[in-house]
Amino acid sequence: MIPEPILLQQYAYQDGAYLSELYEVPYPNKEQQYFNRGSEQFHLDWTCALQSMASDPDAAAQDNITACCNMLSDLHLGKPAPDMLITDTEQVLKHLDLNQSRQMKLGHYSPATLYFCGDWYWGVDRLEHLENRLIKFGFNRHLAHTHTVIFNKTWKTPEKLAGSKKICKVNSEVKIEPIVLYWSARSPYSYLALIRCLQISSNYNVPLDIRPVLPMMMRNMQVPKAKKMYIFHDTKREANKYGIDYGKVADPLGLAVERCYALLDYAKQQGKYLPFLTSFAKGVNSQGIRAETDEGLREIVEDCGLDWLSAKVHLHEESWREITSRNQEEMKRLGLWGVPCVLYKGQVMWGQDRLGRLESLLKSNLKHSR
């Protein structure tokens, strides 16, 4: 499920720094290496500290977490452990096992998640959905601004609301570096990223370079059922947020992905590379088209203006295997491991959740190039 844990750990620290700045939340600096060690002992230290702090019923959750960071920093610097620190690691491990079993029973598999009334909210980027649900239930009656959502800054910035087309008109003679999107024909988040990157590319007059990779499960990796189900429901609510059709899914894993990739070079030669990818992504994610069948793939091919009889000849093409492998290695060199992810002017961003950050970079760079 986590093919590159070290890369994930390194990127997570950087991404956390971005989010902390965006929401003005205190964040440990690079000298506090305890926060970025990723060792089993660190997790034990953290849990011991958190349980110790939580033993004070009058302390707020934020105070507990801040106190945990300070306590771990002191431990890392060699200072003696405070008397209140729980040191019974056997007790802590049992507590961790109990929490993990409870989480799995409720249908999730990862930390940094909130559970409320049957739904999961993973990470800061999903707090917006929770806020909207709480507003719908009327939990905001006591607030002065009853419909204010706080955690939507990763995509809904004041600049964006002002209209990106007005902000970013550029001189057509300026050579513009493309947006590079590493993409999988099976990934639901890649589908959302593709549709949104096409919109961004058009809005900012920046070319889009899509580089496909093999899905995780076609690279001998396993994805737990709980993760598949969470991704489906999460993609649905994200798609609704952006006005993108999603839900009638025909999983293209295996043959359908291979047939899609086999036609990429042909589509590129015909000047239909992006339309074909878009047609395929929409077909398998929102129209239930079985791309492993000739009937289904023909519908996808003809929908983007390609000729089926001409395309069919290329279905046994194998050059895509080397291309997707090379793209995967490129991603790894960039410090990323999965899709969708974006490269723009040396900046890398993982996930469709960070396309708002891409827009901020585009605004900044294009303003300076006028």
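Relevant structure appears above.
My aim in this report is to walk through the structure given alongside it, one point at a time.

## Overview of the pattern of salt bridges
Phase 1: In total, this model carries 19 salt bridges according to the counting rule given.
Phase 2: Put simply, Asp209 and Arg211 hold a salt bridge, and the shortest N to O gap is 2.8 Å.
Phase 3: Relative accessible area serves as the criterion here: at 24%, Asp209 is assigned to the partly exposed category.
Phase 4: Note on Arg211: relative accessible area 23%, which makes it partly exposed.
Phase 5: With a closest N to O distance of 2.4 Å, Glu318 and Arg321 form a salt bridge.
Phase 6: Classification of Arg321 as partly exposed rests on a relative accessible area of 36%.
Phase 7: One salt-bridge network, held together by shared partners, links Arg126, Glu128, Asp234, Arg237, Glu238, Lys241 and Asp353.

## Description of empty space enclosed by the protein
Phase 1: Evaluation of the coordinates by the stated rule reveals one cavity of 30 Å³ or more.
Phase 2: As for the largest cavity, its lining consists of Asp125, Arg126, Glu128, Phe151, Asn152, Thr154, Trp155, Glu238, Lys241, Tyr242 and Asp353.
Phase 3: For the lining of the largest cavity, the element with the highest residue contribution is helix H9 (residues 225-242), accounting for three residues.

## Concerning unusual backbone geometry
Phase 1: Across the junction of Val339 and Pro340, the peptide omega takes the value -5 degrees, indicating a cis bond.
Phase 2: Within the secondary structure, Pro340 is located in the loop between helix H15 (319-333) and strand E5 (341-344).
Phase 3: Even without being a glycine, Glu24 presents a positive backbone phi close to 55 degrees.
Phase 4: By the element assignment, Glu24 lies in the loop between helix H1 (5-22) and helix H2 (40-54).
Phase 5: Residue classification places Glu24 among the exposed residues on the basis of a relative accessible area of 71%.
Phase 6: Phi is positive for Asn205, close to 55 degrees, though the residue is something other than glycine.
Phase 7: Tracing the chain through its elements places Asn205 in the loop between helix H8 (188-204) and strand E4 (208-212).

Rules of the game
- Residues numbered from 1 in each chain as written.
- Predicted model: local features only at pLDDT ≥ 70, side-chain atom pairs only at ≥ 80, totals over all residues.
- Heavy atoms only, no water.
- Salt bridge = Lys/Arg side-chain N within 4 Å of Asp/Glu carboxyl O.
- Buried < 20%, exposed > 50% of the residue type's maximum accessible area, 1.4 Å probe, protein only.
- 1 Å grid on protein atoms, 1.4 Å probe; cavity = no way out; pocket = protein on both sides within 12 Å on 5 of 7 lines; lining within 4 Å.
- Points joined across faces, edges and corners; volume = space filled by probe spheres on them.
- Helix = DSSP H or I, 4+ residues; strand = E, 2+ residues; numbered from the N terminus.

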